[in-house]
Amino acid sequence: MTDKVKVRKSGNSLVLTVPTGFGVVAGEEYKASKLADGTIIYEPTTHTNIFATKEARDYDFQADVQNDPELQPVDPHWIGTIR
């Protein structure tokens, strides 16, 4: 699909409009690069959800909570006595 778009100024930036027919959703991120001949290429960035990896799925987060003294419940008798 090819559409003609015009560069416009928005604040301190220049903006290229993305035609709605391209199916791009607001908030998606792209990496922009400019070739020597002036061609501008926008490529989608790939984000990896670190919690969707096998390593994260197999990790025992509850064991970390139980074994880390900084993550233990606060003793209410200490509240207000530390200055």
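Up top is the structure these notes are about.
Residues numbered from 1 in each chain as written. Predicted model: local features only at pLDDT ≥ 70, side-chain atom pairs only at ≥ 80, totals over all residues. Heavy atoms only, no water.

Enquirer: Describe the overall build of the chain, with residues and values.
Expert: Scanning the chain for helices and strands turns up two helices and four strands. For the chain, the succession of helices and strands along the chain, N to C, is β-β-β-β-α-α. A globule of 83 residues ought to have a C-alpha radius of gyration of about 12 Å, yet the chain, at 25 Å, is considerably larger. Summarising its shape, the C-alpha atoms of the chain cover approximately 70 × 35 × 30 Å along the three principal directions. Per-residue burial for the chain yields a buried fraction of 2% across its 83 residues. A sequence separation of at least 24 residues applies to 4% of the contacts in the chain between residues at least 6 apart. On the chain, the mean spot of the 9 positive side-chain charges and the mean spot of the 12 negative ones are 18 Å from each other. (Helix = DSSP H or I, 4+ residues; strand = E, 2+ residues; numbered from the N terminus. Rg over C-alpha atoms; globule rule 2.2 N^0.38 Å. Buried < 20%, exposed > 50% of the residue type's maximum accessible area, 1.4 Å probe, protein only. Contact = heavy atoms within 4.5 Å. Lys, Arg positive; Asp, Glu negative; His and termini not counted. Charge placed at Lys NZ, Arg CZ, Asp CG, Glu CD.)

Enquirer: Any details on the packing of aromatic side chains? Residues and values, ideally.
Expert: Here a ring pair, both rings aromatic, is described through the centre-centre distance and the interplanar angle of the planes. In total, this model carries two aromatic pairs according to the counting rule given. Ring plane angle 50° and centroid distance 6.5 Å describe the contact between Phe 51 and Phe 61, whose orientation is recorded as tilted. Separated by 10 residues along the polypeptide, Phe 51 in the loop between β4 (40-44) and α1 (54-58) and Phe 61 in helix α2 (residues 61-67) bring together distant segments of the chain. Relative to Phe 61, the ring of Tyr 59 has its centre 4.9 Å away and its plane inclined at 65°; by these criteria the two rings are edge-to-face. A residue is classified by how much of its surface remains accessible, and Tyr 59, at 41% relative accessible area, is partly exposed. Within the aromatic cluster, the residues linked to one another by ring pairs are Phe 51, Tyr 59 and Phe 61. (Phe/Tyr/Trp six-rings, centres within 6.5 Å; stacked < 30°, edge-to-face > 60°.)

Enquirer: Explain the pairing of strand β3 (residues 30-34) residue by residue, including any values.
Expert: Direction of pairing for β3 relative to β4: antiparallel, over a ladder of five bridges. In the sheet register, Lys 31 faces β4, and the bridge partner there is Glu 43. Between the antiparallel neighbours β3 and β4 lie five residues, among them Gly 38 with a positive phi of about 95°. (Pairing = 2+ DSSP bridges.)

Enquirer: Explain the pattern of salt bridges to me, and be specific about the residues and the numbers.
Expert: On inspection of all chains with the given rule, the structure shows two salt bridges. Lys 31 serves as the salt-bridge partner of Glu 43, at 3.7 Å between the closest nitrogen and oxygen. Remark: Lys 31 occurs in strand β3 and Glu 43 occurs in strand β4; sequence separation between them is 12 residues. A relative accessible area of 35% means that Glu 43 is categorised as partly exposed. (Salt bridge = Lys/Arg side-chain N within 4 Å of Asp/Glu carboxyl O.)

Enquirer: Outline the environment of Lys 9, supporting the account with residue identities and numerical values.
Expert: Residue position: Lys 9 is located in strand β1 (residues 7-10). On the basis of relative accessible area, Lys 9 is assigned to the exposed category, the value being 60%. Between the alpha carbons of Lys 9 and Lys 34 there is a distance of 18 Å; along the sequence they are 25 residues apart. A polar side-chain atom of Lys 9 sits 3.4 Å from the main-chain carbonyl oxygen of Gly 11. (Polar contact = N/O pair within 3.5 Å; in protein donor to acceptor, adjacent residues only side chain to side chain.)

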